[in-house]
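Each chain, letter by letter, is given below.
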Amino acid sequence: MNITYVGIAVVIGFALVYLYFRAENYRKELAIYRRKADSASKVGRQLAQQVHDFAKADFLLLKERFTRIQTGGSSNIQTLRFTSILFEAAEDVIAQTSMNDKTVIEAFKEYINQSGQYGFGDFSQFLLQESEHKQQLWQRNTLKDYLQLCKTCLLDLES
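Let us look at the structure shown here. Everything numeric in this text was worked out from a predicted model, so none of it was measured.

### Considerations on the environment of Glu88
- With respect to the helices and strands, the residue Glu88 is situated in helix α2 (residues 77-99).
- Separated by 27 residues in sequence, Glu88 and Ser115 place their C-alpha atoms 9.5 Å apart.

### A closer look at empty space enclosed by the protein
- Enumeration over the complete set of coordinates arrives at one cavity of 30 Å³ or more.
- Of the volumes computed, that of the largest cavity is approximately 40 Å³.
- Along the walls of the largest cavity sit Val104, Ile105, Leu137, Trp138, Asn141, Thr142, Asp145, Tyr146 and Leu149, which together make up its complete lining.
- Put simply, the parts of the chain that give the lining of the largest cavity at least two residues each are α3 (104-115), α5 (132-140) and α6 (143-158).
- The element that contributes the greatest number of residues to the lining of the largest cavity is α6, accounting for three residues.
- Taken together, the residues of the lining of the largest cavity sort by class into six nonpolar, two polar and one charged.

### Some remarks on α2
- The terminal C-alpha atoms of α2 lie 33 Å apart, and with 23 residues this matches the ideal 33 Å at 1.5 Å per residue to within 8%.
- If you look at α2, its biggest bend is around 45°, right at Ala90.

Definitions and cut-offs
Residues numbered from 1 in each chain as written. Predicted model: local features only at pLDDT ≥ 70, side-chain atom pairs only at ≥ 80, totals over all residues. Heavy atoms only, no water. Helix = DSSP H or I, 4+ residues; strand = E, 2+ residues; numbered from the N terminus. 1 Å grid on protein atoms, 1.4 Å probe; cavity = no way out; pocket = protein on both sides within 12 Å on 5 of 7 lines; lining within 4 Å. Points joined across faces, edges and corners; volume = space filled by probe spheres on them. Nonpolar A, V, L, I, M, F, W, Y, C, P; charged D, E, K, R; others polar. Expected span 1.5 Å × (residues − 1). Bend = angle between axes of the 7 residues up to and from the residue.

Rendered as structure tokens:
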């Protein structure tokens, strides 16, 4: 009987030592994966900042053109009105889209509903009356296409 207890104790002891070393290996692997995740997160934040900076620079060039159009006037009042909404919301949309996990439409909708002058429904109606190209740019829901929509509206105002 004594030998049986000793055998069981040895097996349990071996199992505990084995589990301890396995747990240590898992802790080391977890530390490695955490470092990799932290590094990837840092790179992601840097890329998001670069996207933000490039989009902001592109927008500033567009805004200069838009300011010239506003001061010169345009015969297409409705397009001018809704293009101005696109431009007013652009800085917020760029920041929310590039630095947070929001889509362009979510960020724009949040901005336009907070601004109070026009609702998102008014803007949607405007888009339905516009060209299919503008509607497609809007539906793609990316920052690049949002800026392209701003450019397209500018071109319409300039012509």
